[in-house]
Amino acid sequence: MEFVVVNQEKTAEKEVYLEAINIICAPDQFCHVMFWSDKSHVPTSWPMTEKQWRTMTLDYFFNPKSKEKTFTWNCDFFDEQNCGDDTD
């Protein structure tokens, strides 16, 4: 599990997240990456607080055994048209 802070000016740019996922996640390996735009909201212990969860910009999860891949975008940070898009 990786926590990543995205530059606030680039928060709404999905390409930034996809590039980070491609760098962080090894092919065909389990990967869970969570993104925030404000480092003060990144959890330092588990479980994360409600505020930390609500301010996460993206939660990415990939399980190679089940082939499950999810992108959970926070619609508060993306325009309505592109918010829920699952992106490969």
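Above this text you will find the structure in question.
Residues numbered from 1 in each chain as written. Predicted model: local features only at pLDDT ≥ 70, side-chain atom pairs only at ≥ 80, totals over all residues. Heavy atoms only, no water.

**Quick look at the state of the cysteines**
Spelled out, the test is: Only a pair of cysteine sulfur atoms within 2.5 Å qualifies as a disulfide here. Burial classes follow relative accessibility: with a 1.4 Å probe on protein chains only, a residue under 20% of its type's maximum area counts as buried, one over 50% as exposed, and anything between as partly exposed.
Tallied over the entire structure, the rule returns one disulfide. Two residues share a disulfide in this structure: Cys-25 and Cys-31, whose sulfurs sit 1.8 Å from each other. Looking down the S-S bond of the Cys-25 and Cys-31 bridge, the torsion is -60 degrees, so its handedness is left-handed. Side by side, Cys-25 and Cys-31 carry an identical accessibility label, which is buried.

**Focus on the pattern of salt bridges**
Note the following rule: Each reported salt bridge corresponds to a side-chain nitrogen of Lys or Arg within 4 Å of a carboxyl oxygen of Asp or Glu. Secondary structure elements are defined from DSSP: runs of H or I of at least 4 residues count as helices, runs of E of at least 2 residues count as strands, and each element is numbered from the N terminus.
The tally for this structure, following the rule as stated, stands at one salt bridge. With its nearest N and O atoms 3.8 Å apart, the salt bridge here joins Glu-50 to Arg-54. In this pair, Glu-50 and Arg-54 are both assigned in helix α2 (residues 50-55), four residues apart and thus about one turn of the helix distant. Among the residues examined, Arg-54 registers a relative accessible area of 47% and is labelled partly exposed.

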